[in-house]
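Coordinate analysis (summary)
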Amino acid sequence: MPTLFVVGAGPGVSAAVARRFGREGFSVVAIARRHTALEEFVQSLRTAGVEAHAQVGDAADSAGLGLAIHTAVAQQGHPDVLVYNAAGARYRPLAALAPEDLMDDLQVSVGGALAAAQAVLPGMRERGRGTLLFTGGGFAIEPIPAMASLGAGKAALRNLAFSLHADLAPLGIHAATVTICGMVKPGTAFDPDQIAERFWALHVQAPGAFEREVLFT
């Protein structure tokens, strides 16, 4: 059975992606920092008929996140797909944004993404296949001052995804970002189930036709 690891598991995009891949026969390993919310997430997938497992891991702690992923690999096997959906954000005017707060948010948005990718890549390189997908955001392209830490994080994540794409595509490993240029809300143009379809479409692209980004506008 193919396996999807979701870092930053929660309602919205990550839940929709987990259900979408689950319909294709994937088992899901959900990784998040809050145990109670994580168990609720996993139970909702099981109720929907998806095999799901919980693994506590905090994107703010790269070493701890790497350990959580290695533990999940030991228990469930190497993932075929990693989806990174964690982000650091705070609504704060630029004049009041402390550099330390910016760095904390960057750790969640992009430091954790690199740690997660590094944790799963050895297995993907060994098999010569795999998919790394990152949830991007429109603030990477058109930032707003009051959400500067989120915009900086998404911009850095976009750049990281592009770098991983260039590095890994020749090896048959697909790295890409779904850049969501709007507020995610069911029943709107930014419905999470529709966004999840873009994640699936990227995963099934053939080697030689890998895209590095899908803009969801």
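Before reading on, note that the structure itself is shown above.
Now for a quick tour of the structure. If you're wondering where the values come from, they're calculated on a predicted model, not measured in any experiment.

When helices and strands are tallied, the protein shows 6 helices and 7 strands. At 16 Å, the protein has a C-alpha radius of gyration in line with the 17 Å of a compact globule built from 217 residues. The principal-axis extents of the C-alpha atoms in the protein amount to approximately 50 × 40 × 40 Å. Relative to all contacts within the protein whose residues are 6 or more apart in sequence, the contacts with residues 24 or more apart total 70%.

As a further point, take the pattern of salt bridges. One pass over the structure, following the stated rule, counts 10 salt bridges. Across the pair R19 and D193 runs a salt bridge, and its minimum N-O distance is 3.0 Å. Within this pair, whereas R19 is found in helix α1 (residues 13-23), its partner D193 is found in helix α6 (residues 192-203), the two being separated by 174 residues in sequence. Among the residues examined, R19 registers a relative accessible area of 32% and is labelled partly exposed.

Below, the discussion takes up the pairing of strand β1 (residues 3-7). Note on strand geometry: in a regular strand, side chains alternate between the two faces of the sheet. Counting buried residues in β1 gives 5 out of 5 residues, a clear majority hidden from the surface. Since β1 and strand β2 (residues 27-32) lie parallel, the crossover through α1 that links them has a hand, and here it is right-handed. The pairing of β1 with strand β4 (residues 81-84) spans 4 bridges and is parallel. Bridge pairing links V6 to V83 in β4.

Take the side chain of S149 next. By the element assignment, S149 lies in helix α5 (residues 148-168). For S149, a relative accessible area of 0% puts it in the buried group. At 2.7 Å, the side chain of S149 and the side chain of D105 are in polar contact. If sequence neighbours within four positions are ignored, S149 has contacts with G88, A89, R90, L97, L102 and D105.

About the thresholds
Residues numbered from 1 in each chain as written. Predicted model: local features only at pLDDT ≥ 70, side-chain atom pairs only at ≥ 80, totals over all residues. Heavy atoms only, no water. Helix = DSSP H or I, 4+ residues; strand = E, 2+ residues; numbered from the N terminus. Rg over C-alpha atoms; globule rule 2.2 N^0.38 Å. Contact = heavy atoms within 4.5 Å. Salt bridge = Lys/Arg side-chain N within 4 Å of Asp/Glu carboxyl O. Buried < 20%, exposed > 50% of the residue type's maximum accessible area, 1.4 Å probe, protein only. Right-handed = clockwise from strand over helix to strand, strands pointing away. Pairing = 2+ DSSP bridges. Polar contact = N/O pair within 3.5 Å; in protein donor to acceptor, adjacent residues only side chain to side chain.

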